[in-house]
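If you want the building blocks of each chain, they are given just below.
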Amino acid sequence: MNDSAGKIRIGYTDKHINKTLAALPEAPSPLSRHFSHNEEFFLKLSGSFSVPSFPIHHDVRKLVPGKKYIKNLRSLIPKMAGLAPDVFRGLSYFFDPADILRPAFYRVYDCEGTSYLFLLHADLHWKAREHTLLKAPADNTWTTAYTSDKLFLEAHVIPLEAVPAEASGFKILQSISQTWIGEHGSGYYIQGIWIDAEITKFLSRLFLPDGKRLYPYYPFTCKYRAICFNLAAPEEQRRPPAVLLLHRIRTFLAPHIPAIEEVLKSRPFSEDLREFASIKAQVQKEWYAHWENVNVRSYLNPAEMKEYEIEI
């Protein structure tokens with residue numbers, strides 16, 4: 001559970017699910033990487049898994065999931081993770097009472113004295129255009145049961161402050177001072193203004209070679225007021241190199257963060273910004289090599305809707 005203080009709390013984990021994850025085979029995962037027409041990331045798997053109906057409502061004050069919820073999740077994880085063992089191997093599960101349809105999986109890595117959290121959320125929400133209906137819910141207290149060969153997820157590497165020996169949660173190492181810059185509108189139409197998306201665009205473009213376009217994929221993101229790495233390749237063997245790359249980039253960016261924040265408070269991101277050009281001129285060219293074989297192509301899916309495939 002993430003709160004305003006930049007903490008990820010672990011109130012409950014499950015030994016049965018963790019035992020399943022620990023027993024996953026050392027086998028490659030035959031999959032491809034995509035973004036849907038509305039820019040949601042998913043893995044296309046070699047087979048389908050079935051998602052049972054889950055209870056929708058949960059009191060966020062209760063850190064332990066209900067019996068029906070955890071029973072259904074225990075039956076789902078072996079099927080889902082079995083189709084992508086590389087993605088789930090080495091991880092542990094925890095329950096987030098504020099986000100029960102996005103079960104969380106994690107592992108902590110160390111790099112030169114700094115701890116990093118690999119955090120994966122699997123999205124179990126029913127998506128009518130993407131999933132095949134198994135059973136519609138009888139009322140609005142249960143989710144739709146469906147089957148799919150698409151695993152929607154988010155996977156990030158996140159910098160941490162010191163990790164306690166008995167980890168009941170993690171404190172995020174925040175380097176962004178503030179992303180909220182004001183409000184516009186009035187009355188019922190008042191809306192907050194944040195610059196997280198603009199910082200994400202700035203950071204991602206900094207470390208891509210000139211002319212390289214990976215839209216809608218943004219590798220380096222402003223999340224939890226921290227500089228994070230958004231992984232399109234979350235397999236176990238790919239995580240340590242990603243941690244090292246993020247560590248090097250965070251070290252490089254540290255003195256530049258105040259200037260990046262300041263310029264984006266007054267104008268949207270553009271590669272024509274003087275501050276962007278100045279920082280990019282200092283980027284080590286060897287970092288560009290990480291993206292040489294990463295490409296994004298667009299195509300039309302069977303419903304004639306535009307999707308994107310990331311080739312890594």
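These numbers were taken from a predicted model, which means no experiment stands behind them.

Draft legend 1. Spotlight on the overall build of the chain. Along its length, the chain carries seven helices and 15 strands. Computed over the C-alpha atoms, the radius of gyration of the chain is 20 Å, within 12% of the 20 Å expected from 2.2 N^0.38 for a compact globule of 312 residues. The principal-axis extents of the C-alpha atoms in the chain amount to approximately 55 × 50 × 40 Å. The contacts of the chain with a sequence gap of at least 6 include a subset with a gap of at least 24, amounting to 66%. When the accessible surface of the chain is totalled, it reaches about 15400 Å², and 52% of it is carbon and sulfur. Charge centroids of the chain, computed over 38 positive and 35 negative side chains, lie 5 Å from each other.

Draft legend 2. Up close: unusual backbone geometry. A cis amide bond, omega 10°, links Tyr215 with the succeeding residue Pro216. Relative to the helices and strands, Pro216 is located in the loop between α4 (196-206) and β12 (220-223). In this structure, Glu39 is a non-glycine residue whose phi angle is positive, near 70°. Relative to the helices and strands, Glu39 is located in the loop between β2 (31-35) and β3 (41-51). The backbone phi angle of Tyr224 is positive, close to 60°, even though this residue is not glycine. Assignment of secondary structure puts Tyr224 in the loop between β12 and β13 (226-230).

Draft legend 3. The arrangement of helix α1 (residues 15-22) in detail. Taken together, the buried positions of α1 are occupied by Ile17, Asn18 and Leu21. Projected down its long axis, α1 carries its buried residues within an arc of 95°, all on one side. Turned more than 90 degrees away from the buried face of α1, the exposed residues are Lys15, Lys19 and Ala22. Turning to α1, the residues buried within the fold contact α2 (67-82), α3 (85-88), β4 (92-94) and β5 (104-111). The N-capping residue of α1, defined by a side-chain oxygen 3.1 Å from the backbone nitrogen of His16, is Asp14.

Draft legend 4. Up close: the packing of α1 against α2. Two elements in contact, α1 and α2, have axes whose closest approach is 10 Å; the angle formed by their N-to-C orientations is 5°. One way to sum up the angle between α1 and α2 is to call them roughly parallel. Contacts between α1 and α2 pair His16, Ile17, Thr20 and Leu21 from the former with Ile70, Leu73, Arg74, Ile77, Pro78 and Ala81 from the latter. Looking at the contact of α1 with α2, its residues break down into seven nonpolar, two polar and one charged.

Draft legend 5. Looking closely at the pairing of β5. Inspection of the sheet shows β4 paired to β5 by three bridges, in the antiparallel sense. Across the sheet, the residue bridging to Tyr93 is Phe105, located in β5. The pairing of β5 with strand β6 (residues 114-122) spans eight bridges and is classified as antiparallel. In the strand pairing of β6, Arg107 is matched with Phe118. Between β5 and β6, which pair antiparallel one after the other, the connecting turn spans two residues, and Glu112 there sits at a positive phi close to 50°.

Draft legend 6. Expanded view of the packing of aromatic side chains. Using the criterion set out here, one finds 21 aromatic pairs in the structure. Between Trp126 and Tyr146, the ring centres sit 6.0 Å apart and the planes meet at 45°, which makes this aromatic pair tilted. With Trp126 in the loop between β6 and β7 (132-135) and Tyr146 in strand β8 (residues 145-160), the pair connects residues that are 20 residues apart, well separated along the chain. Given a relative accessible area of 1%, Tyr146 falls into the buried group. Seen in terms of ring centroids, Phe202 and Phe276 are 5.3 Å apart; in terms of plane orientation they differ by 85°. Their pairing is edge-to-face. Taken together, the residues span a long stretch of sequence, with Phe202 in helix α4 and Phe276 in helix α7 (residues 274-280) at a distance of 74 residues. Summarising the burial analysis for this pair, Phe202 and Phe276 share the class buried. Site record: aromatic cluster; members linked through ring pairs are Phe207, Phe220, Phe229, Phe252, Trp287 and Trp291.

Thresholds, definitions, all that
Residues numbered from 1 in each chain as written. Predicted model: local features only at pLDDT ≥ 70, side-chain atom pairs only at ≥ 80, totals over all residues. Heavy atoms only, no water. Helix = DSSP H or I, 4+ residues; strand = E, 2+ residues; numbered from the N terminus. Rg over C-alpha atoms; globule rule 2.2 N^0.38 Å. Contact = heavy atoms within 4.5 Å. Areas by Shrake-Rupley, 256 points an atom, 1.4 Å probe, with all protein chains shown as cover. Lys, Arg positive; Asp, Glu negative; His and termini not counted. Charge placed at Lys NZ, Arg CZ, Asp CG, Glu CD. Buried < 20%, exposed > 50% of the residue type's maximum accessible area, 1.4 Å probe, protein only. Arc of directions from axis to C-beta. Polar contact = N/O pair within 3.5 Å; in protein donor to acceptor, adjacent residues only side chain to side chain. Axes fitted to C-alpha atoms, helices over the stretch in contact; angles between N-to-C directions. Parallel < 35°, antiparallel > 145°, perpendicular 65-115°, else oblique. Nonpolar A, V, L, I, M, F, W, Y, C, P; charged D, E, K, R; others polar. Pairing = 2+ DSSP bridges. Phe/Tyr/Trp six-rings, centres within 6.5 Å; stacked < 30°, edge-to-face > 60°.

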